[in-house]
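Here's the letter readout for the chains.
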Amino acid sequence: MTAPCYLCGAPSIIDGLCEDCYTKEHPLVKTPSVINLLSCKQCGAVKIPGGWKPIVGIDPNTEEILEKQLEIAIGQEVQNLSPENEMFIEMEKKLDRVLETILVVQGRSHPQLKDHQETYPLEIRLEYGTCDTCGMMSGGYHEAILQVRADGRYLTDEEVRDVQNLVISRTVSEYGKDTKAFVTNISETKYGLDFMIGSEHLCRQIADELQSTYLAERKENFKLIGQHKGGKDKFRITILIRLLSFALGDIINVIDEPCQVLDISKGGVSCLNLRDRSTFTMNPKSAKWRTIEFLTDKSNIHEFMIISKSANHSIQVMDSKSYEIHEIDEGLFESDVENGQKIRAVLIDERLYPVQV
Ligand SMILES: [Zn+2]
Ligand SMILES: [Zn+2]
């Protein structure tokens, strides 16, 4: 025989209360009836105490963004009394700046009780502003300038594309973690690329990666741009990354041997010796490195067609553009070639060497 519920007299189950009265006394959430949702009209970030919460990976011009914003606002304003509760919003009426909704919560008030649903009318008032990041971006704010150049040459199209992709992907992955992770301006001149970057931290991160992937030289300069409120000098950093004097595919001399650059990476520069067909890797610490001389860039690599093989171990080829005839030693080919086959080769000191494509 259980004691009666002290509120209604029905048989009690928990703490002297029946199921209905216990549930009423222990709601699943505590929620205000009105929530103000302040969001950035440019990027959709939501104002939360102490800052802005950016929304990553959703286009701010879609309906989806509102769902995500509501989720953030509810997470901030509604006090959820159990992590196991499930919450969602049902839209009742959507006006320009006001959403009349029902907050639906599913959960249990006590481990001994079954799941039940509670509903709360909830008015969401929409307000719009500009978040810190968008404000700084539109003002052209930048703490750092990253300049990418190459030693004694212009950047190749491939390098321009790869460097831009790296800057974009690093910026995107920092977005949401660093409020200044943005690039306010990119300029491309024939000398190279300049990026104006909101965050010095991000700029350094990108510079580190460029420096190691391209085995590049790095220089840092500070320019006085004003004073902090306390009177301390304020500087802007410029990081110059200078890529090697040669690029992928170019032909260089290493210890007086013509070599094609096959790869440039953190591990070093891999080359094909065009004369003895051996491959090797060197890095700036290698003794070989100091002997490097630039010979020609890959635009001088041409296509040739094999026209005949003669008995004296040389192969006749014809330049596909100029129709000039040249001879190549048979020993310079790694495998057998056939008449009519097209190959790529480069002329160095009047000798023609097959190269890798
Ligand atoms: Zn009761
Ligand atoms: Zn914004």
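Up top is the structure.
Treat the numbers as computed from the prediction; the structure is a model and nothing was measured.

## Considering a nonpolar patch on the surface
Okay, step 1: A grouping of Phe222, Leu224 and Phe235 is seen on the molecular surface, where their side chains present a nonpolar patch of about 330 Å² in accessible area.
Okay, step 2: Turning to its location among the elements, Leu224 is positioned in strand S12 (residues 217-227).
Okay, step 3: Relative accessible area serves as the criterion here: at 48%, Leu224 is assigned to the partly exposed category.

## Some words on the sheet that holds strand S23 (residues 351-354)
Okay, step 1: In space, the five strands of this open sheet follow the order S21-S20-S19-S22-S23, with antiparallel pairing throughout. Of all the strands in the sheet, the pair left with one neighbour each is strand S21 (325-329) and S23. Taken over all neighbouring pairs, the strand axes of this sheet differ in orientation by 50° on average, direction set aside.
Okay, step 2: Looking at chain direction, strand S22 (residues 342-348) and S23 are connected through four bridges and run antiparallel. Counted as the bridge partner of Val346 is Tyr353 from S23.

## Brief notes about the sheet that holds strand S13 (residues 233-243)
Okay, step 1: With mixed pairing, the five strands of this open sheet are ordered in space as S10-S11-S9-S13-S12. The sheet is open, and its two borders are formed by strand S10 (183-189) and S12, each paired with just one other strand. On average, each strand axis in the sheet is tilted by 15° relative to the strand beside it, whichever way the strands run.
Okay, step 2: In the packing of helix H4 (residues 157-174) onto the sheet, contacts are made with strand S9 (144-150), S10, strand S11 (192-197) and S13, and the angle to S11 comes to roughly 10°.

## Description of the coordination of the zinc ion (ligand 1)
Okay, step 1: Taken together, the protein ligands of the zinc ion (ligand 1) are Cys5 (SG), Cys8 (SG), Cys18 (SG) and Cys21 (SG), with distances of 2.3 to 2.4 Å.
Okay, step 2: Each of the four donor atoms around the zinc ion (ligand 1) contributes to a set of angles spanning 103 to 119°, which defines the coordination as tetrahedral.
Okay, step 3: Along the chain, the residues that donate to the zinc ion (ligand 1) are spaced as C-x2-C-x9-C-x2-C. Placement of Cys5 in the segment before helix H1 (19-25) and of Cys21 in helix H1 is noted, with a sequence separation of 16 residues between them. Each member of the pair, Cys5 as well as Cys21, carries the same accessibility label: buried.

## So, the coordination of the zinc ion (ligand 2)
Okay, step 1: Cys40 (SG), Cys43 (SG), Cys131 (SG) and Cys134 (SG) make up the full set of protein donors to the zinc ion (ligand 2), lying at 2.3 Å.
Okay, step 2: Coordination at the zinc ion (ligand 2) comes from four donor atoms whose angles at the metal span 107 to 114°, giving a geometry best classed as tetrahedral.
Okay, step 3: Here the donor residues for the zinc ion (ligand 2) map to a single chain with the spacing C-x2-C-x87-C-x2-C. Residue Cys131 shares its accessibility class with Cys134, and that shared class is buried.

## Here we look at the nonpolar core
Okay, step 1: By size, the foremost hydrophobic cluster in this structure holds 24 residues, and its most contacted members are Leu146, Val148 and Leu210.
Okay, step 2: When contributions to this core are tallied by element, the ones reaching two or more residues are S9, H4, S11, helix H5 (200-213) and S13.
Okay, step 3: A per-element tally of this core places H5 first, with five residues.
Okay, step 4: With sequence-adjacent residues up to four places away left out, Leu210 is seen in contact with Leu146, Val148, Val163, Leu166, Leu215, Ala216 and Ile241.

## Section: H5
Okay, step 1: Taking 1.5 Å as the rise per residue, H5 with 14 residues should run 20 Å; its terminal C-alpha atoms sit 20 Å apart, in good agreement.
Okay, step 2: For H5, every residue scored as buried is listed here: Leu202, Cys203, Ile206, Ala207 and Leu210. Along the axis of H5, the buried residues cluster in a sector spanning 135°; they form a single face.
Okay, step 3: Where H5 is buried, its residues touch S9, H4, S11, S12 and S13.
Okay, step 4: Here H5 starts with a cap whose side-chain oxygen sits 3.2 Å from the backbone nitrogen of His201, and that cap is Ser199.

Definitions and cut-offs
What you see as residue numbers is a count from 1 along each chain, following the sequence as written. To label them, take the chains in the order written and letter them from A, then take the ligands in the order written and number them from 1. Given that this is a predicted model, residues contribute local features only at a pLDDT of at least 70 and side-chain atom pairs are listed and counted only at 80 or more, while totals for whole chains, interfaces and linings are drawn from all residues. The basis for every side-chain value is the complete set of heavy atoms in the structure, and neither hydrogens nor water enter the calculation. Patch membership requires more than 30% relative accessible area and the absence of a salt bridge. Residues of like charge join within 9 Å; the nonpolar side chains Val, Leu, Ile, Met, Phe, Trp and Tyr join within 5 Å. To be clear on the numbers: accessible area is Shrake-Rupley with a 1.4 Å probe, and residue cover counts the displayed protein chains and nothing else. The working definition used for a salt bridge is a side-chain nitrogen of Lys or Arg within 4 Å of a carboxyl oxygen of Asp or Glu. Note on conventions: DSSP H or I runs of at least 4 residues are helices, E runs of at least 2 residues are strands, and numbering of each starts at the N terminus. To sort residues, take the accessible area from a 1.4 Å probe on protein chains only and compare it with the maximum for the residue type: under 20% means buried, over 50% means exposed, and anything in between is partly exposed. We treat two strands as partners when DSSP finds at least two bridges between them. Structural elements are reduced to axes, namely lines fitted to C-alpha atoms, with helices fitted over the stretch in contact, and the angle between N-to-C directions of any two is expressed from 0 to 180 degrees. Contacts are residue-level and defined by heavy atoms, with any inter-residue pair within 4.5 Å sufficient. For Na, K and Ca the donor cut-off is 3.2 Å, while for other metals it is 2.8 Å, and in both cases only N, O and S atoms qualify; water is not among them, so sites may look incomplete. Key to geometry: four donors with every angle between 85 and 135 degrees are tetrahedral; four donors are square planar and six octahedral where opposite donors lie over 155 degrees apart and all remaining angles lie between 65 and 115; all other sites are irregular. Buried residues of nine kinds, namely Ala, Val, Leu, Ile, Met, Phe, Trp, Tyr and Cys, make up a nonpolar core once their side-chain atoms join them within 4.5 Å. Multiply 1.5 Å by the residue count of a helix minus one, and that product is the helix's expected span. Of all possible arcs, the one meant is that of the directions from the helix axis to the C-beta atoms. For this analysis, a polar contact is any N or O atom pair within 3.5 Å, provided that within protein one partner can donate a hydrogen and the other can accept it, and provided that sequence-adjacent residues contribute only side-chain to side-chain pairs.

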